[in-house]
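# Breakdown of the fold
Here is how the chains run, residue by residue.
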Amino acid sequence: MSVINILAPHVADMIAAGEVVERPASVIKELVENSFDAGATSVTVEIRGGGAAYIRVSDNGCGMAAEDAGIAFTRHATSKLADEKGLECIGTMGFRGEALAAISAVSKIEMTTRRACDSEGTRITLDAGDIQDMLPCGCPVGTVITVRDIFYNTPARLKFLKSDRSEASACQLTALRCALGRPDVSVRFIKDGSEEFFSPGDGRGDSCAYALLGRETATGLMPVTGDNDGIRVTGFASSPAAGRGNRAMQFFYCNGRFIKSQLLQAALEQAYKNSLLSGRYPSCVLYLDMSFASVDVNVHPAKTEVKFSAERRVFDTVYYAVLSALEAEKPLAPAVERLSPAPKEGFYKHMTAAEYRSSPLASGKQGTSEMQLRAPEEHYQTRLDLSSPASTVRAPQPQYTVSGHSAEKPRSAAPAPAYTAPKSYFSVSDGKTPAISPVSAPIQPPAEPACQHNVENCVQNVESPLVPEHKIVGEAMKTYIIVEQGDSLILIDKHAAHERMIFDMLKSRKSEIMSQTLLCPVTVRPSGDDAELIERNASLLGELGFEIEPFGERDYIVRALPADMDAGEVAPALEEICEKLRRGKAPDAQSARDEILHTVACKAAIKAGWDTSAKELERVADAVLSGQVKYCPHGRPVSVTMTRKDLDKQFKRIV
Ligand code: ADP
Ligand code: MG
């Protein structure tokens, strides 16, 4: 007897459905994409609970004739692809003819649809893919599909669904991604009867981003445009000041389709290499448009992964468009750079966006440019290479200021500093007067002045008077402390060193971290499944000084936070902590605690770009020179030493 069975079509459909319908959010993606393909200008998505029980997508698109409505739920039924030739040039969101079949195989469906040329529409109901009923009906032009009880007939899958809250936030994110990709379509998302977002559909990217991402994110966005031989990029990217703790606000689209692409992510982040602190990520909404033939969307059933035929050119277009937007925001490059034009070699790494635009590469005319010959890893190289004297001169850096900190106040280099921490917060306490809390986010002075954070606090427990004799020459770029010690010149990264000092201090307190109660509690609205992570890790967060309670349906109120942290840092800190917890960076409670301490230390430390008093710089330098602080909590060195010999060699005083 044969052991191989040919599966019945309905069983095969249920298996295939798994590729398309992973969770309720996948149903939303497929239905909204169908509405877009149907030419709708208005789409409404409604869910109840987590979406598994009820999803309804209504549109005002072209609708279907009765005979098409009957076969739309059959596998490989599509109006978007006639034969294999069409596969090379896909201009619609769908083309596989699989989604409706897959969704209907694992749920109960009701659809009403009507074309403008018909006087009556069609109503069809299906149960696990089988048509139950199909009748003419009166309905508006367009299509309404209601999906109920997803996975009711596949309990194994049902089991894998997360909590209603998680599923609902995945549904909302999916609808938002779709909506953001089509500013010309008005998309409304309703959850349990209340409207969560509504995009205007006026064709304007800025109003769409504002409506969907909120005022705070949208106002930090700069316009981006670039064009490179048939590849066009438009959209928005965040100004460096608006960096975030995760990549949740990075949205890439290719020909209207939301895509996940490491290539685009690398191109974006490379452009910010010198303007964002490590651990901070840019936000963006970038739309790439190119010929349908130059991108393959048929890589994965979910169609969120694509293959570009000209990867290098796509990378360059995005990289230079974003760099150009950032340069437009920045002050002019320092004179030292203008005096020393970039030599030909290393051209790729150091060309500015303006130079790129006027070069033949921008038009894509130069077939075998250096850019095409270089390995992709070079995109990740650092621009400022201290070992090469030439590159130090020509690397495009922001304003460069060196000033003796004792007498002269450092010149304020950038007109709008990226980080606007109130100076008073970092003033060195004299031990009697408590440091003043920032005005923008009032903090109640902690009960015990000793637990307040400032640089002095971090070193007061340091029992190492062995600080070698040295001279602080000044501070460069509001980032590096320049120290002369014996025959060496030492550059200290003030943020990295201070971060380590705080981290060590917090860690040495072992079990208890001082918490400060806020006079004005801060409200935060976690995105995605952050809310669930916060709730699940409430006791860990509590142990570390956070007091967080649910507030309303989606908000949380933060009543207390670690004593060293600024209230303005609460939202980004929680975002970063959730990202760490989500990525499973912390396998056990102790490492979870350390990971969170990293974040607390980072948020509490003085930042590059801030004015720092002479006394604080001195304290940080002492901690480094005494050998107490060598690496930041992430393992990066906090100082770089150049000996007289190194310098003499570079100046060719000796060979
Ligand atoms: P695909 O989108 O890959 O063609 P689907 O299974 O998603 O496959 O849809 C099958 C067909 O049903 C589509 O090709 C289209 O003709 C029709 N259809 C689906 N949704 C809509 C809609 N909202 N409006 C009009 N036609 C639709
Ligand atoms: Mg489809």
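The structure we're discussing is the one just above.
Residues numbered from 1 in each chain as written. Chains lettered and ligands numbered in written order. Predicted model: local features only at pLDDT ≥ 70, side-chain atom pairs only at ≥ 80, totals over all residues. Heavy atoms only, no water.

## Section: the overall build of the protein
Under the convention used in this document: Put simply, DSSP H or I for four residues or longer makes a helix, DSSP E for two residues or longer makes a strand, and each gets a number counted from the N terminus. We call two residues in contact when some of their heavy atoms are within 4.5 Å.
Looking only at helices and strands, one finds 23 helices and 23 strands in the protein. Of the contacts formed within the protein by residues at least 6 apart in sequence, a portion of 70% connects residues at least 24 apart.

## A look at helix α6 (residues 164-181)
Heads up, the rule is: A helix is expected to reach a length of 1.5 Å times the quantity of its residues less one. Accessible area is worked out with a 1.4 Å probe on protein chains only. A residue is then buried under 20% of its type maximum, exposed over 50%, and partly exposed in between.
Taking 1.5 Å as the rise per residue, α6 with 18 residues should run 26 Å; its terminal C-alpha atoms sit 26 Å apart, in good agreement. Within α6, 13 of the 18 residues are buried, which leaves it mostly tucked inside the rest of the structure.

## Digging into the nonpolar core
Put simply, the test is: To define a nonpolar core, start from buried Ala, Val, Leu, Ile, Met, Phe, Trp, Tyr and Cys residues and group those joined through side-chain atoms within 4.5 Å.
By size, the foremost hydrophobic cluster in this structure holds 58 residues, and its most contacted members are Val21, Ile28, Val147, Leu180 and Phe251. The leading source of residues in this core is α6, at eight residues. Beyond its immediate chain neighbours, meaning those up to four positions away, Ile28 contacts Val45, Ile47, Ile55, Cys171, Thr174, Ala175 and Phe189. Of all hydrophobic cores here, the second largest spans 33 residues; its members include Cys254, Leu264, Leu286 and Tyr319.

## Things to note about the packing of aromatic side chains
How two aromatic rings sit relative to each other is set out by the distance from centre to centre and by the angle between their planes. The test is simple: Only Phe, Tyr and Trp rings take part, Trp by its six-membered ring, and two of them pair if their centres are within 6.5 Å. Stacked means planes under 30 degrees apart, edge-to-face means over 60, and tilted covers everything else.
Tallied over the entire structure, the rule returns five aromatic pairs. Where Tyr253 meets Phe258, the ring centres are 5.7 Å apart and the plane angle is 70 degrees; that geometry is what we call edge-to-face. By the burial criterion, Tyr253 is buried, and Phe258 matches it. When the centroid spacing of 6.2 Å and the interplanar angle of 25 degrees are considered together, the rings of Phe315 and Tyr319 count as stacked. On the criterion of helical spacing, the pair formed by Phe315 and Tyr319 is a turn pair, its members being four residues apart in helix α10 (residues 311-329). An aromatic cluster is defined as three or more aromatic residues linked by ring pairs; in this entry it consists of Tyr253, Phe258 and Tyr287.

## Some points on the sheet that holds strand β20 (residues 515-524)
What counts here: At least two bridges found by DSSP between two strands is the condition for calling them paired. Only the contacting stretch of a helix is used when fitting its axis, a line to C-alpha atoms as for every element, and angles between N-to-C directions run 0 to 180 degrees.
With antiparallel pairing, the three strands of this open sheet are ordered in space as β20-β22-β21. One side of each edge strand has no neighbouring strand; the edge strands of this open sheet are β20 and β21 (547-551). This sheet shows a mean twist of 15 degrees between the axes of neighbouring strands, independent of strand direction. One ladder, built from five bridges, connects β21 with strand β22 (residues 555-562); its direction is antiparallel. For Glu547, the partnering residue across the bridge sits in β22 and is Ala560.

## Examining the environment of Thr154
Positionally, Thr154 belongs in the loop between β6 (142-148) and α5 (155-160). Put simply, Thr154 and Ser107 are 47 residues apart on the chain and 9.2 Å apart in space, counted from C-alpha to C-alpha.

## Side note on the state of the cysteines
We count it as follows: Only a pair of cysteine sulfur atoms within 2.5 Å counts as a disulfide in this structure description.
Scanning all chains against the criterion turns up zero disulfides. Between Cys62, a free cysteine, and Cys117, which holds the nearest cysteine sulfur, the sulfur-to-sulfur gap is 9.7 Å. Classification of Cys62 as partly exposed rests on a relative accessible area of 47%. Left unpaired, Cys602 is separated from the closest cysteine sulfur, that of Cys632, by 8.6 Å. Assessed through its relative accessible area of 11%, Cys602 is described here as buried.

## Re the pattern of salt bridges
Quick reminder of the rule: The term salt bridge refers to a side-chain nitrogen of Lys or Arg lying within 4 Å of a carboxyl oxygen of Asp or Glu.
Using the criterion set out here, one finds 31 salt bridges in the structure. Between Asp206 and Arg204 there is a salt bridge, with the nearest N and O atoms lying 2.7 Å from each other. With a relative accessible area of 35%, Asp206 lands in the partly exposed category. Residue Arg204 is classed as partly exposed on the basis of its relative accessible area of 48%.

## Let's talk about the side chain of Glu499
Residue position: Glu499 is located in helix α17 (residues 494-508). Glu499 sits in the buried class, given a relative accessible area of 1%.

## As for the sheet that holds strand β8 (residues 194-198)
Reading across from one edge, β5-β4-β3-β6-β2-β1-β7-β8 is the order of the eight strands in this open sheet, with mixed pairing throughout. On the outer flanks of this sheet lie β5 (130-137) and β8, each paired with one strand and no other. Between one strand and the next, the sheet's axes are offset by a mean angle of 10 degrees, whatever the strand orientation. Pairing of strand β7 (residues 186-191) with β8 involves four bridges; the strand directions are antiparallel. In the strand pairing of β8, Ile190 is matched with Glu195. Along the sheet, helix α2 (residues 24-37) makes contact with β1 (42-48), β2 (54-59), β6 and β7, crossing β2 at roughly 10 degrees.

## A few points about unusual backbone geometry
Positive phi outside glycine occurs at Asn255, with the angle close to 50 degrees. The residue Asn255 is located in the loop between β11 (250-254) and β12 (257-259) in this model. Unusually for a residue other than glycine, Lys478 sits at a positive phi of about 50 degrees.

## Section: the packing of helix α9 (residues 262-271) against α10
Worth spelling out the cut-off: Each angle is binned into one of four classes, with values under 35 degrees roughly parallel, values over 145 roughly antiparallel, values of 65 to 115 roughly perpendicular, and all other values oblique. Handedness of a helix crossing follows the sense of rotation of the near helix relative to the far helix, less than a right angle counterclockwise being left-handed and clockwise being right-handed. When residues are grouped by polarity, Ala, Val, Leu, Ile, Met, Phe, Trp, Tyr, Cys and Pro land in nonpolar, Asp, Glu, Lys and Arg in charged, and all others, Gly among them, in polar.
In contact at an axis separation of 8 Å, α9 and α10 are set at 30 degrees when each is read in the N-to-C sense. One way to sum up the angle between α9 and α10 is to call them roughly parallel. Of the two possible hands of crossing, α9 and α10 adopt the one that is right-handed. Contact residues: Leu263, Leu264, Ala266, Ala267, Leu268, Gln270 and Ala271 in α9; Glu311, Val314, Phe315, Val318, Tyr319, Val322, Leu323 and Leu326 in α10. Residue composition of the contact of α9 with α10, grouped by class: 13 nonpolar, one polar and one charged.

## Observations concerning the side chain of Lys580
Threshold: As used in this structure description, the phrase polar contact means that two N or O atoms lie within 3.5 Å; if the pair is within protein, one of them must be able to donate a hydrogen and the other to accept it, and residues adjacent in sequence are counted only when both atoms belong to side chains.
You can see Lys580 is positioned in helix α20 (residues 570-582). The exposure class of Lys580 is buried, given its relative accessible area of 9%. At 2.7 Å, the side chain of Lys580 and the side chain of Thr599 are in polar contact.

## Regarding the packing of α17 against helix α22 (residues 614-625)
Here α17 crosses α22 at 70 degrees, and the two axes come no closer than 10 Å. Put simply, α17 runs roughly perpendicular to α22. Along the contact surface, α17 presents Lys494, Ala497, His498 and Met501, while α22 presents Leu617, Arg619, Val620, Ala623 and Val624. Here the contact of α17 with α22 is built from residues that sort into six nonpolar, one polar and two charged.

Geometric descriptors of this kind do not, in isolation, establish any biological role.
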